[in-house]
Amino acid sequence: MTHSGRSTGSTADSRPVRTCVGCRKRADQSHLVRVVAQEIDGNFAVVIDEHRRLSGRGAWLHPDPACMETAIKRKAFNRAFRRAVETKFLPSPFRAPPEASDGALGNIPSLP
Ligand SMILES: [Zn+2]
């Protein structure tokens, strides 16, 4: 047993992990965006579920244009939703999540 420092509950292991339909890598759910198939004018279209509250079958994707492109090319959305879905309502390019820019601040002047 190794007790190094504090252990205030292990949330790291219980975080939901999903597979990106683009690159097929598994990632923490908070690092992926949820997409759902919504019926629009009789056709099903893939839309981003920004608030993760839309009902229905969801798929998960990195907020990365490459992953979306791969998913579209492979028709991964059709597989994920088990029907033919339109992808024209997906935004391009994808927005990066705000927390992704963490640590990218390079030029902060530090005065003595
Ligand atoms: Zn991906």
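These lines cover the structure that appears in this document, whether it is placed above or below.

Turning to the overall build of the protein chain, a few remarks are in order. Of regular secondary structure, the protein chain possesses two helices and five strands. The order of helices and strands in the protein chain, counted from the N terminus, is β-β-β-β-β-α-α. Counting only residues that meet the buried cut, the protein chain has 18% of its 112 residues in that class. Of all intrachain contacts in the protein chain linking residues separated by at least 6 positions in sequence, the fraction that spans at least 24 positions is 56%.

Looking at where K88 falls in the secondary structure, it is placed in the segment after helix 2 (76-81). Residues K88 and V47 lie 41 residues apart in sequence; the distance between their C-alpha atoms is 8.9 Å.

Let's shift gears to the sheet that holds strand 5 (residues 58-61). The pairing of strands in a sheet comes from backbone hydrogen bonds and takes either a parallel or an antiparallel form. Taken together, the three strands give an open sheet; going across it, the order is 4-3-5, and neighbouring strands pair in antiparallel fashion. Of all strands in the sheet, those bounded by a partner on one side alone are strand 4 (43-48) and strand 5. Averaged over neighbouring strand pairs, the angle between their axes works out to 35° when direction is ignored. In this sheet, strand 5 lies alongside strand 3 (residues 33-40) in antiparallel orientation, the contact comprising four bridges. Residue pairing across strands places R34 opposite W60, the latter belonging to strand 5.

A separate point is the environment of F77. Within the element layout of this structure, F77 appears in helix 2. In the structure, F77 is positioned 31 residues away from V46 in sequence and 7.6 Å away in space, judged by C-alpha atoms. When near neighbours in sequence (up to four residues on either side) are disregarded, F77 contacts V21, V46, A59, A71, V85 and T87.

Despite not being glycine, R24 has its phi angle at roughly 65°, a positive value. Topologically, R24 is positioned in the loop between strand 1 (17-19) and strand 2 (26-28). What makes R24 exposed here is the crowd of 12 C-beta atoms within 10 Å. For D41, which is not glycine, the phi torsion reads 55° and is therefore positive.

Moving on: the environment of L61. Its location among the elements puts L61 in strand 5. By the C-beta count within 10 Å, which is 27 here, L61 ends up buried. C-alpha of L61 to C-alpha of I48: the two residues are 13 residues apart in sequence and 9.7 Å apart in space. Beyond its immediate stretch of four places on either side in the chain, L61 contacts C20, V21, G22, L32, V33, V35, C67, M68 and A71.

Let us look at the pairing of strand 4. Note: strand 3 against strand 4, six bridges, orientation antiparallel. Bridge pairing in strand 4 links E39 to F44. Hairpin connection from strand 3 to strand 4: two residues lie between these consecutive antiparallel strands, with D41 at a positive phi of about 55°.

Analysis parameters
- Just so you know, the residues in each chain are numbered from 1, in the order the chain's sequence is written.
- Predicted model: local features are reported for residues with pLDDT of at least 70 only, side-chain atom pairs are reported and counted for 80 or more only, and whole-chain, interface and lining totals are derived from all residues.
- Secondary structure elements are defined from DSSP: runs of H or I of at least 4 residues count as helices, runs of E of at least 2 residues count as strands, and each element is numbered from the N terminus.
- Put plainly, a residue is buried at 20 or more neighbouring C-beta atoms within 10 Å of its own, exposed at 12 or fewer, and partly exposed in between, counting only other residues' C-beta atoms, which are placed from the backbone.
- By the criterion used throughout, residues are in contact when their C-beta atoms, derived from the backbone, lie within 7 Å.
- When DSSP finds two or more bridges between a pair of strands, those strands are recorded as paired.
- Geometry is summarised by axes, namely lines fitted to C-alpha atoms with helices restricted to the contacting stretch, and by angles between N-to-C directions that run from 0 to 180 degrees.

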